Amino acid sequence: MPPFNLTGPMPATFILAGIPGMEEWHIWISVPFCSMYLVALLGNGVVLFVIRTERSLHQPMYLLLAMLAVADLMLSTTTVPKMLALFWFSAGRISSGACLTQMFFLHFSFSVESVILLAMALDRFVAICHPLRYVALVTPSLVVRTGLVALLRSFCIIFPCVFLLKRLPFCGHRLIPHTYCEHIGIARLACADISANVVYGLTVPIAAVVADVLLIAASYVLILLALVRLPSRAARHKAFNTCSSHVCVILLFYIPAFFTVLTHRFGREIPRHVHILLANAYVLFPPLLNPIVYSVRTQQIKEKVVKVFVCPRRHLLQE
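Nothing here was measured: the structure is a model prediction, and the numbers come from that model.

Criteria and thresholds
- Every chain begins its residue count from 1, and numbering advances along the sequence as written.
- Predicted model: local features are reported for residues with pLDDT of at least 70 only, side-chain atom pairs are reported and counted for 80 or more only, and whole-chain, interface and lining totals are derived from all residues.
- Each side-chain value is worked out from all heavy atoms of the structure, with water and hydrogens disregarded.
- Each helix corresponds to a stretch of at least 4 residues labelled H or I by DSSP, and each strand to a stretch of at least 2 residues labelled E; elements are numbered beginning at the N terminus.
- Both definitions apply: the radius of gyration is a C-alpha atom measure, and the globule rule equals 2.2 Å times residues to the power 0.38.
- For the exposure calls, accessible area comes from a 1.4 Å probe over protein chains only, and a residue counts as buried if that area is under 20% of its type's maximum, exposed if over 50%, partly exposed in between.
- Contact definition: two residues touch when any of their heavy atoms are within 4.5 Å.
- Using a 1.4 Å probe, the Shrake-Rupley method yields the accessible areas, and only the shown protein chains count as cover for residues.
- The convention is simple: Lys and Arg are positive, Asp and Glu are negative, and His and the chain ends are not counted.
- To locate a charge, take atom NZ for lysine, CZ for arginine, CG for aspartate or CD for glutamate.
- What counts as an axis is a line fitted to C-alpha atoms, over the stretch in contact for a helix, and the angles between N-to-C directions run from 0 to 180 degrees.
- Our angle categories are set so that under 35 degrees counts as roughly parallel, over 145 as roughly antiparallel, 65 to 115 as roughly perpendicular, and the remainder as oblique.
- Crossings are sorted by hand: turned counterclockwise from the far helix by less than a right angle, the near helix makes the crossing left-handed, and turned clockwise it makes it right-handed.
- Only Asp, Glu, Lys and Arg are considered charged in this grouping, and only Ala, Val, Leu, Ile, Met, Phe, Trp, Tyr, Cys and Pro are considered nonpolar; every other residue, Gly among them, is considered polar.

Enquirer: Sorry, what's going on with the overall build of the chain here?
Expert: Secondary structure assignment for the chain yields ten helices and three strands. Ordered by position from the N terminus, the helices and strands of the chain form the series β-α-α-β-α-α-α-β-α-α-α-α-α. Its C-alpha radius of gyration of 22 Å places the chain within 12% of the 20 Å reference for a compact globule of 319 residues. The C-alpha extent of the chain, read off along each of the three principal axes, is 85 × 50 × 35 Å. Across the 319 residues in the chain, those meeting the buried criterion constitute 47%. A fraction of 80% describes how many contacts in the chain between residues 6 or more apart in sequence connect residues 24 or more apart. With the model as given, the accessible surface of the chain reaches about 16,300 Å², and the carbon-plus-sulfur share is 72%. For the chain, the centre of its 25 positive side-chain charges and the centre of its 12 negative side-chain charges are spaced 6 Å apart.

Right under this line is the structure:
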């Protein structure tokens, strides 16, 4: 009798378990998650609408803000609706194709946003440290090329993950102890050696993002050094407040993501629910906070929001 074949193709469906150990809290957890998602949709939608309708904002800095808003919407919408369906209706079943698609766009949008954050840091560096050369160096066409580079780099880095997963046998294992599909979480269900997935996931995508982080850090260090030399104390205080809020949002974007990746490899003793809650942080907090930090605190954006949404309403009330 031939030996029993334990291997098998990728199952037709996977089952998302949500947050293991906190199943009775799913409904309560969904309330802040849903609220943050709705605010993120509203905030990023307003930013895109205002930048789209106001020609005076068709400048490199605001085009980068619009690209960041699109990346934020992609990052959160890829995961949160399915997560809420899981919490509200126990709809954890997801087809393998949908799971791979979610995995791809999750990591793809994270990589795209990382490049955009780097571009925004470099934009501020040129504006503050080389203001006389800003108009010549930073042009709308450069911003468009930056967006294309972000898309191309992210696609080339993330798309191989799909093939690395599809080559694995799964032996009928379908339960993913998470709220969404991501690369290593799916790979750990396989009944075969996943060292190629682990090595690739910890080298190529992470190395690219780490390079972004190092360049962002270098940009802000140079910006802070330039701010220290400003003669006006009020100008220094205002600029420091702006930079510190930017840095906080950047940290909220990168730290949970790095924690999630490294936990898969080294943090087996960390409770699963802590890991998953922090993994959800980087798909919820940046889309929620970016419109506030990068847009609402920008005077030109605030003025245009008032012009577009408040002034027409006052005019109608007066009539």
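Enquirer: When you look at the packing of helix 2 (residues 60-89) against helix 3 (residues 96-129) in this model, what are you seeing that I'm missing?
Expert: A pair of packed helices is captured by two measures, namely the crossing angle of their axes and the spacing between those axes. Packing of helix 2 against helix 3 leaves a shortest axis separation of 9 Å and a crossing angle of 155 degrees. The pairing of helix 2 with helix 3 is recorded here as roughly antiparallel in orientation. In this structure, helix 2 crosses over helix 3, and the sense of that crossing is left-handed. Here the residues of the contact of helix 2 with helix 3 sort into 17 nonpolar, four polar and five charged.

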